[in-house]
Structure formats: C-alpha cells, structure tokens
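Coordinate inspection notes
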Amino acid sequence: MATITKVIRKRAKSVTRLRPGATTTANGYRTSAAPASDPIQAHIQPMSPKELRNVPEGQNTMEWVNIWSLFDLQENDKIVDGGKTFEVQRFKDRGDFFKAEAVRVAD
C-alpha cells in the first residue's frame, strides 16, 4: 500500500472538501448548518467501464469518478474541483488512504 500512497502524493492536486453541517430539529422543522469547507489534496480519475457496470441501477448514466486521497473522505462529502462538484456515494478507508466513488452533482 505504500506504493499507492506515493502515487496519490505524486498525482494529487488541491481541491475543496465540503462536509455537510449538523442537522437540528426545532418546532418540527429540520435545518442544516452550513457545510464545513476544507482544502485537501486528492486525485480524481474517471471510473473504468467495469466499475461503471457496478454503480446503482438508474445512476449509471451520470458522471462517476474515483477520488483517491490521504485525507478523510466520508459519504455525502462534496469535492469541488475546477468548478465541478462531486458527491461521495461510497468510500473505503484503506488505512493509509481513502478511495471514494463519487458522482457529479448538478446544482
């Protein structure tokens, strides 16, 4: 795995991670705090055709990417790269690094 972390360090660039804020409920209304914004280093690459066949049904026509990072990634994090926003759908903590599968968000 040390080789993968070296590749991530070499290919990573600066992106912005938006982590959803905490939600609170008052008087029956749910509100969310503003998302926390952090600059992180990550490498974003398109999914392979084999990986695209395994995405959830009905979402296989969207733009899916893999995001590799040494920084913590969680489900529902948004990664902003050059004006494109990707939302993390699944992630794996590999100990030394994180691999996330994310979809392009159009909002």
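Right, let's walk through the structure included here. The numbers attached to residues start from 1 for each chain and follow its sequence in the written order. Residues qualify for local features only when their pLDDT is at least 70, as the model is predicted, and side-chain atom pairs are given and counted only at 80 or more; totals for whole chains, interfaces and linings, by contrast, use all residues. The basis for every side-chain value is the complete set of non-hydrogen atoms in the structure, without hydrogens or water.

**Comments concerning the side chain of Asp-77**
A run of H or I in DSSP counts as a helix once it spans at least four residues, and a run of E counts as a strand once it spans at least two, with each numbered from the N terminus. Along the chain, Asp-77 turns up in the loop between β5 (64-69) and β6 (78-81). Only 2.9 Å separates the side chain of Asp-77 from the backbone nitrogen of Gln-74, close enough to count as a polar contact. Ignoring sequence-local partners within four residues, the contact set of Asp-77 consists of Arg-17, Leu-18, Arg-19, Pro-20, Asp-72, Phe-86, Glu-87 and Val-88. Any pair of nitrogen or oxygen atoms within 3.5 Å is treated as a polar contact; in protein, a donor-acceptor pairing is required on top of that, and neighbouring residues in sequence qualify only through side-chain atoms on both sides. Contacts are assigned to residue pairs with any non-hydrogen atoms lying within 4.5 Å of each other.

**As for the pairing of strand β8 (residues 98-104)**
One face of the sheet, then the other: side chains in a regular strand alternate in exactly this way. For β8, the tally of buried residues reaches 6 of 7 residues, placing the bulk of the element in the interior. Any two strands between which DSSP finds at least two bridges are classified as paired. Relative to β8, β5 runs antiparallel, the two being bridged by 6 bridges. Within the sheet, the bridge partner assigned to Val-65 lies in β8 and is Ala-102. Where strand β7 (residues 84-93) and β8 come together, 7 bridges link them in antiparallel fashion. The partner of Asp-93 across the bridge, within β8, is Phe-98. Between β7 and the antiparallel strand that follows it, β8, lie 4 residues; Gly-95 among them carries a positive phi value of about 90°. Only protein chains enter the accessibility calculation, which uses a 1.4 Å probe. A residue is then buried if its area is under 20% of the maximum for its type, exposed if over 50%, and partly exposed in between.

**Notes on the environment of Lys-92**
Among the structural elements, Lys-92 can be located in strand β7. According to the relative accessible area criterion, Lys-92 is partly exposed, its value standing at 44%. When the C-alpha positions of Lys-92 and Val-55 are compared, they lie 15 Å apart, and in sequence the two are 37 residues distant. Among all residues touching Lys-92, those that are not within four sequence positions of it are Phe-97, Phe-98 and Lys-99.

**Let's talk about the nonpolar core**
Residues belong to a common nonpolar core when they are buried Ala, Val, Leu, Ile, Met, Phe, Trp, Tyr or Cys residues joined through side-chain atoms within 4.5 Å. Among the nonpolar cores identified, the biggest contains 12 residues, and these are Val-15, Ile-40, Ala-42, Val-65, Ile-67, Leu-73, Ile-79, Phe-86, Val-88, Phe-98, Ala-100 and Ala-102. When contributions to this core are tallied by element, the ones reaching two or more residues are β4 (36-46), β5, β7 and β8. Top contributing element to this core by residue count: β8, with 3 residues. Those residues in contact with Ala-102 that sit more than four places away from it in its chain are Glu-63, Trp-64, Val-65, Ile-67, Phe-86, Glu-87, Val-88 and Gln-89.

**Considerations on the sheet that holds strand β1 (residues 13-19)**
The strand order β1-β4-β5-β8-β7-β6 describes a closed barrel built from 6 strands, whose pairing is antiparallel. The mean inter-strand angle of the sheet, taken between neighbouring strand axes irrespective of direction, is 45°. Relative to β4, β1 is paired through 7 bridges, and the arrangement is antiparallel. Note that in β4 the partner of Thr-16 across the bridge is Pro-39. The axes used here are C-alpha line fits, helices contributing only the stretch in contact, and every angle between their N-to-C directions lies in the interval 0 to 180 degrees.

**Things to note about the pairing of strand β2 (residues 23-26)**
Sheet analysis places β2 next to strand β3 (residues 29-32), joined by 4 bridges and oriented antiparallel. Residue pairing across strands places Thr-23 opposite Ser-32, the latter belonging to β3. The loop that links β2 with its antiparallel partner β3 comprises 2 residues; one of these, Asn-27, has a positive phi angle of about 55°.

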